[in-house]
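Spelled out, the chains give:
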Amino acid sequence: MNTTLKLLSAAGGGRRILAAAAVAAALLGAAPVLAGPPTDQLRQRVDRVLKAVQAGGPETRARIRAIASEIFDFTEMARRTLGPHWRTLTPAQREEFVALFTDLLEDAYVSRIEQYRGEPITYVGETIEGDRAVVRSKIVTAQGAEVPIEYRMQQDGDRWEVYDVVIEGVSLVSNYRSQFNRIIRTSSYEDLVRRMRARVVAPPEPARRPRS
């Protein structure tokens, strides 16, 4: 399997960054923190996700996907992952890409959120600048390792939505953008869309930091 296919393999480890993002999101209701509307809104929505998971039933995945659409600004995330290529798309192409990208992330989010096992999280703080905000936290794994998670959000009216998740300094959007750009430049935008339809796109794993 060549390097590109390794990065695109849905069965491989490439979704670990999204897995951590999903699990960390699930934990937002687990610990109190003094914060403003961005954290409060995020926590309220994720509390609903956890209740849906606990309730179970045949409609669980549909309920989680519906709440995920309130947590994430999929249109903004899709636009950022394409970077300058977004400007070259027609309105119809943009609509299709957003739909494909939304399905891609929702599927991964639902799959990982169902694996939540109650790992603890600590909130470090929140920063708001105009219509942008950053919610900082860290998750503690079962092995006792601390993983910093940063949620980048933007305001739309009274709503705050996530447009990127940064895990151990690695941006989810940047990972996708790097991969998407590579496919478009070495092949074509049409090839990227074909792969997304086949659900074989996954962000590459962040590089491991050497232990001190």
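The structure under discussion appears in the preceding block.
This is a predicted model, so every value here is computed, not measured.

Take the overall build of the protein chain next. Counting its secondary structure elements, the protein chain contains 8 helices and 5 strands. A buried classification covers 44% of the 212 residues belonging to the protein chain. Considering only contacts in the protein chain between residues 6 or more positions apart, those separated by 24 or more positions represent 60%. Accessible surface, the protein chain: about 10800 Å² in total, of which carbon and sulfur atoms supply 50%.

Within the fold, Ser 171 resides in strand 5 (residues 170-171). At a separation of 3.3 Å, a polar atom in the side chain of Ser 171 contacts the main-chain amide nitrogen of Val 173. In this structure the side chain of Ser 171 is engaged in a polar contact, spanning 3.0 Å, whose partner is the backbone nitrogen of Ser 174.

On to helix 3 (residues 37-55). If you check helix 3, its first and last C-alpha atoms are 27 Å apart, about what 19 residues at 1.5 Å a residue would give, namely 27 Å. Following helix 3 by one or two positions, Gly 56 adopts a phi angle in the positive range, close to 65°.

Right, let's get into the packing of aromatic side chains. Under the definition given, this model contains 8 aromatic pairs. With a centroid separation of 6.1 Å and 15° between ring planes, the pair formed by Phe 97 and Phe 101 is classed as stacked. One end of the pair is Phe 97 and the other is Phe 101, both in helix 6 (residues 91-113) and 4 residues apart, which spans about a single turn. Phe 101 carries the same exposure label as Phe 97, and that label is buried. Each ring, one from Phe 101 and one from Tyr 176, has its centre 5.5 Å from the other, and the planes form 80°; the classification is edge-to-face. Here Phe 101, found in helix 6, pairs with Tyr 176, found in helix 7 (residues 172-186); they are 75 residues apart in sequence, far enough to count as distant. Judged by relative accessible area, which is 1%, Tyr 176 ranks as buried. What links up through ring pairs into an aromatic cluster is the set Phe 97, Phe 101, Tyr 176, Phe 180 and Tyr 189. Above the ring of Tyr 163, the side-chain terminus of Arg 132 is found at 5.2 Å from the ring centroid.

The next thing to look at is the pattern of salt bridges. Per the stated rule, a full pass over the model turns up 14 salt bridges. As a salt-bridge pair, Arg 48 and Glu 70 come within 2.8 Å of each other at their nearest N and O atoms. Of this pair, Arg 48 sits in helix 3 while Glu 70 sits in helix 4 (residues 60-71), and the two are 22 residues apart along the sequence. Owing to a relative accessible area of 37%, Arg 48 belongs among the partly exposed residues under this scheme. Looking at Glu 70, the relative accessible area reads 23%, which means it is partly exposed. In this structure, Asp 131 and Arg 132 form a salt bridge, with 4.0 Å as the shortest nitrogen-oxygen distance. The class for Asp 131 is partly exposed, based on a relative accessible area of 42%. Through salt bridges with shared partners, one network takes in Arg 65, Asp 103, Glu 106 and Asp 107.

Across a regular strand the side chains alternate sides, sitting on one face of the sheet and then on the other. Burial runs high along strand 4 (residues 159-167): 8 of the 9 residues are buried. The pairing of strand 3 (residues 146-156) with strand 4 spans 8 bridges and is antiparallel. Following the sheet pairing, Gln 154 is matched in strand 4 by Glu 161. Counting the residues between successive antiparallel strands, the hairpin from strand 3 to strand 4 contains 2 residues, one of them, Gly 157, with a positive phi of roughly 70°. Sheet topology places strand 4 next to strand 5; 2 bridges connect them, and they run antiparallel. When the sheet's bridge partners are listed, Ile 167 is paired in strand 5 with Val 170. Here strand 4 hands over to strand 5 after 2 residues, with Glu 168 in that stretch at a positive phi of 50°.

Rules used throughout
- Residues numbered from 1 in each chain as written.
- Predicted model: local features only at pLDDT ≥ 70, side-chain atom pairs only at ≥ 80, totals over all residues.
- Heavy atoms only, no water.
- Helix = DSSP H or I, 4+ residues; strand = E, 2+ residues; numbered from the N terminus.
- Buried < 20%, exposed > 50% of the residue type's maximum accessible area, 1.4 Å probe, protein only.
- Contact = heavy atoms within 4.5 Å.
- Areas by Shrake-Rupley, 256 points an atom, 1.4 Å probe, with all protein chains shown as cover.
- Polar contact = N/O pair within 3.5 Å; in protein donor to acceptor, adjacent residues only side chain to side chain.
- Expected span 1.5 Å × (residues − 1).
- Phe/Tyr/Trp six-rings, centres within 6.5 Å; stacked < 30°, edge-to-face > 60°.
- Lys NZ or Arg CZ within 6 Å of the ring centre and 35° of its normal.
- Salt bridge = Lys/Arg side-chain N within 4 Å of Asp/Glu carboxyl O.
- Pairing = 2+ DSSP bridges.

Limitation: the analysis is restricted to geometry and does not speak to function.
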